Amino acid sequence: MGHTHLANIVDLQKNTANIRNFCIVAHVDHGKTTLADSLIASNGIISNRLAGKLRYMDSREDEQIRGITMKSSSISLHFNTDNQEYLINMIDSPGHVDFSSEVSTAVRVCDGAVVVVDVVEGVCPQTQAVLRQAWLENIRPVLVINKIDRLITELKLTPLEAYIQLQKILEQVNAVTGSLFTSKVLESRAEMDVTREPTSDWTTSGQIYDWSAGLEETDDSHLYFAPEQGNVVFGSAIDGWGFRIGQFVKMYSEKMGINSEVLRKTLWGDYYLNTKSKKIMKGAQSKGKKPLFVQLVLENIWSLYEAVVVQRDKEKINKIVNSLGLSILPRDSRHSDPRVHLNAICTQWLPISHAVLEMVCKKLPSPLDITEERVEKLMCVRSRRFDSLPVQTQALKQAFLECKSDGTAPVIVFICKMFAVDSKGMPQNKPRPLTREEIVQRREQARTRLAEKLANQGKQMGENSEIPAANASTRGDQVPSQMEQAALNASQQKSEQKDHFIAFARVYSGTVRRGQKLFVLSPKYNPSDALAKLPENYSPDDDLLIPHLSSCTVQDLYVLMGKELEDVQEVPVGNVLGIGGLEDHVLKSATLSTSPLCPPFTPLNLDAIPIVRVAVEPKHPSEMPQLVRGMKLLNQADPCVEVLVQETGEHVLITAGEVHLQRCLDDLRERFAKIEISSSSPIVPFRETIIRPPKVDMVNEDIGTQQKVAVIHQKKEDQSKYPEGFAVDSDGLVTLNTPNKLATISVRALPLPEVVTQLLEENCDLIRAMEHFNLSVKEGREVQEINSTTLEAIKIFKQKLEENLVGRKWRNAVNQMSSFGPRRYGPNILLNGLKDYERPSMWQCLDKSSRDLGAYRDFDNSIVSGFQLAALSGPICEEPLMGVCFILEKWNMSYKDQQFVQTHHHSPTEGQTSKTEVCQEITSKENSLSNLNPVLESSEAQHGQIETPAKSSEAGQCNSEVLVTDCYGPFSGQLIATMKEACRFAFQAKPQRLMTAMYTCEIMTTAEVLGRVYGVLSKRAGRVLQEEMKEGTEMFIIKAVLPVAESFGFADEIRKRTSGQASPQLVFSHWEVIPSDPDWVPTTEEEYLHFGEKADSVNQAHKYMNTVRKRKGLYVEEKIVEHAEKQRTLSKNK
Ligand SMILES: Nc1nc2c(ncn2[C@@H]2O[C@H](COP(=O)(O)OP(=O)(O)OP(=O)(O)O)[C@@H](O)[C@H]2O)c(=O)[nH]1
Ligand SMILES: [Mg+2]
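Read on for an overview of the structure.

### With respect to the overall build of the protein
Now for step 1: When you go through the protein residue by residue, the secondary structure sums to 38 helices and 34 strands.
Now for step 2: Residue pairs at least 24 apart in sequence account for 75% of intrachain contacts in the protein once pairs closer than 6 positions are excluded.
Now for step 3: Total accessible area on the protein is roughly 55,100 Å²; 51% of this is exposed by carbon and sulfur atoms.

### Examining the pattern of salt bridges
Now for step 1: Counted by the stated rule, this structure contains 40 salt bridges.
Now for step 2: Ionic pairing is found between Arg339 and Asp149, a salt bridge with its closest N-O pair at 2.9 Å. A residue pair is termed long-range when its members are at least 10 positions apart, and Arg339 in helix H14 (residues 338-349) and Asp149 in helix H6 (residues 149-153) qualify at 190 residues.
Now for step 3: Owing to a relative accessible area of 25%, Arg339 belongs among the partly exposed residues under this scheme.
Now for step 4: We note a salt bridge from Lys1019 to Glu1053, for which the minimum N-O separation is 2.7 Å. Of this pair, Lys1019 sits in helix H34 (residues 1010-1019) while Glu1053 sits in helix H35 (residues 1050-1057), placing them 34 residues apart in sequence.
Now for step 5: Taken together, the shared-partner salt bridges in this structure form one network comprising Arg60, Asp62, Asp638, Arg663 and Asp667.

### Quick notes on the site of ligand 1
Now for step 1: Of all residues adjacent to ligand 1, which total 19 residues, the nearest are Lys32, Thr33, Thr34, Thr69 and Asp149.
Now for step 2: Within the side chain of Asn146, an N or O atom sits 3.2 Å from an oxygen atom of ligand 1.
Now for step 3: Ala237 places a main-chain nitrogen or oxygen 2.9 Å from an oxygen atom of ligand 1.
Now for step 4: Of all the secondary structure elements, the ones that give two or more residues to the shell around ligand 1 are helix H2 (32-41) and H6.
Now for step 5: Here the shell around ligand 1 takes three residues from H2, the largest share from any one element.
Now for step 6: For the shell around ligand 1, the per-class residue count stands at four nonpolar, nine polar and six charged.

### Description of the coordination of the magnesium ion (ligand 2)
Now for step 1: Looking at the metal site, the magnesium ion (ligand 2) is ligated by Thr33 (OG1) and Thr69 (OG1), spaced 1.9 Å from it. Placement of the pair is Thr33 in helix H2 and Thr69 in the loop between helix H3 (61-66) and strand E2 (73-81), with a sequence separation of 36 residues. Across the pair, exposure class does not vary: Thr33 and Thr69 are buried alike.

Rules used in this analysis
Residues numbered from 1 in each chain as written. Chains lettered and ligands numbered in written order. Predicted model: local features only at pLDDT ≥ 70, side-chain atom pairs only at ≥ 80, totals over all residues. Heavy atoms only, no water. Helix = DSSP H or I, 4+ residues; strand = E, 2+ residues; numbered from the N terminus. Contact = heavy atoms within 4.5 Å. Areas by Shrake-Rupley, 256 points an atom, 1.4 Å probe, with all protein chains shown as cover. Salt bridge = Lys/Arg side-chain N within 4 Å of Asp/Glu carboxyl O. Buried < 20%, exposed > 50% of the residue type's maximum accessible area, 1.4 Å probe, protein only. Near = heavy atom within 4 Å. Polar contact = N/O pair within 3.5 Å; in protein donor to acceptor, adjacent residues only side chain to side chain. Nonpolar A, V, L, I, M, F, W, Y, C, P; charged D, E, K, R; others polar. Donors = N, O, S within 2.8 Å, 3.2 Å for Na, K, Ca; no water.

Next comes the structure, spelled out in structure tokens:
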């Protein structure tokens, strides 16, 4: 980049009103990077001829090889229009679903998005996903309908057919926007209704929402994509042309003398030109006329293609070129490839860069236009209500809205991701042209060196024994400077090996400068914590010792220019920038501010769920430290990857998909660890569940009518594995004692209806918010009120649960819920079925009055923890449970054995001291475990469960606690273990099943290879859900689901089998129960007949279970020698 370019950009950064931050988003391969190339070429960074071929923003080698973008990267450009100069910060994002987290990070720092849609493929799954992302971040989208050349050269459509296709695409995109918008209006209306008392017309209309209510008052015209609004560009990025209808309106209103406003409104739509009356009329379609857009726009483009690409008619081309007033270089017009010629004409006539950049400048908001709604959203972590933030924090909203860069404004910067740059890419290590002063200085140095050399020579020859004083001094300097040079080289070499982490950030207020000290607010930071502890005059230099708050010094600031970085001294508000030297302060994302009252920004809306996991290890065991370090760096450099060490000691990498996995492994090998690595085959997650007793057997015969036959291979239930006091009734109610027999628990497991499981999965954020709230209430901390949108959502969630949990066994279930698991927000439920224990409601955030009802019984937390542990790993193969409800039906605690304290301690004095110690131990354990209510007596009295002898014991205050310890360890621990066991047994008392994760995929393919696609799908246990033909094309779209376990290599296989004509993208969709029982053996007549006594046909669930168990080092029941006799005969024969 030229020096003037950088100076220009630095100047432009100060004019906030003329800054536009936008990202290009789309489905994979719809032409984002190609479009970016054209925009970059308009700034002279690359040549026009290379635009579309270079893919400048794909700077990684693997991106170039695979032809897909994997990392989003930013570049700063400038653009002139209407005598205004704009600074454009453009981010190119990946479209592949595996990298959707890169889109999430990009949209956070932008104010607008350019949505690209391939005109042939139309709206694809990722197009919808990115539109949703843009919507969630409250950023404004504009549309580019790309690849229109394909309609001409590939599909050979007529201009009219093309017009219909364009209309369809617009409708599809607007339908997506419309549904997003409607749901938002209804949501905000509901929110208003919550705060308002119901009005009279509410009562008349009942509880039914009028879908259009509230919609008509809300102006949504700017939301939709409409060519007449100027927010749609039609174009072909590869051929370099693109336009908004405004350009043609200008051209024709002058040429035909039509009022430009009229033409603007009618050029797109069902209007035609009545040649006789020279008037524009409505109803082109019904009258069979050509719409204006076809006649005035598309036909021109079609005839240009016809002349240049199809007929290659020199004369005709010249005529067109002359009429448009263009001048084409002979090297372009004589080029053997007609596309080069076409490109040269198009980039002059209708340059796509101009159309897109003008649209960006005119239609997308500047950083100054940030809305209150967006600011509040950014500031409210975990669905908190804005007005529940500290007042001083709320005041910062003004700083966001004012968007000032002067010294008075607080500095607020958000870092959305960290990315690694190798040393060669750092500006300080790049060769630069020398400045004039440097040249003079170097010349001077060379002169002195020469003089010195000459002097030395003279000295050696003994001709002149005197050394001029000046030379002597320079020589004296020379020695240390050589040493300095050597040291510098060494340090340079060292720094060259190191990867530099740059924070990808945006300034939301103030100006960041080099050397500035800022607070680093990690995502968990809470400004209320700081308020209490802040000294009067604080600064980032102080050691404030506030959790999740640290401070850092800004070392380097960069303007991001694709793969290049340019050093700058300061960056004012509204800009996207790179910050160096934060690797020790920030893991993935963070907020930086001069004010500790600033809240951390809400976490990014990451769409991608890391699901594919592999265990990695170094080829040479001695290189383990490098691997560990490399994984740490990889974790920092990628927003979506997760790294962890399992209990087994394995280092595990969790990624979003196969392509993502490949990229992570490559990064690890070549960049972060720089060692050879071997990785296991992907570890597939499973879930364990229970089902209602099946009515039919494995051969689909009714079980009820059949006679059970003797089971030959039935696993002998080993009685010894059941603990003493274990009992299970015919209905699956499991009763178990704690080892010290002081408590008895009865638990029953029930399968949850599928809809409920799904609801729990979808609403885990709500459950988390509720858990957070309940915990605050329980611990008596300051309650952070939940905002009304979330409360409304919780209400709906509760209502839906009530609707779906009907029937006798679920009576009052929703109110009895005491926990979700695992990890307190999973898809399993613990119900409190005790008649004598009213627990504070799970839903207390909904109703203030319910907060004082009920109290937690002692050790309630142990019961919940036991359930959590049980839900985390099930008995089939220690995978998490899903869709299981545990009902606690009995929980008796008795202290009959209290004498054991005395029997354990012979002398009373001895007993006294040790009791006190034990008492302390327990108290501390309990505090950390459950934060129990310290006044135990009161709750005892309330429930009448714990018998009174405890009170008469000598140990004073600690009485009841002393009673609960014994040789089995602390009572709370026993209760956890017993609850866990009880849940596991209750689970095993029901028919158990494994669940597998399923991918959905949409495969677009031609009719010729359709059969092969089906072949691959069925081989991998895929299921086709839908097959339809894409209108206007010869392509078929197949929608299918496929188990994750069978998906590895699927995309490659499809690509190979169809010679690259189909390439599916796999997206995690849901969990599905595998119908067969993992421990199945024939039990009915029919099964026995069908499968034989050995039942050795393939049982998929059994196979999966054994793979997991083997991997985890668990016991696997497998015969190693199946047919011993045969083996003997074989060896004899040898
Ligand atoms: N015919 C035609 N092909 C295009 C056009 N624009 C892009 N392509 C081609 O489409 C393919 C994908 O283009 P990219 O620009 O890499 O697509 P992308 O959206 O950046 O893809 P990802 O970054 O992987 O999501 C390339 O082979 C381009 O040459 C266009 O206007 N017309
Ligand atoms: Mg790309």
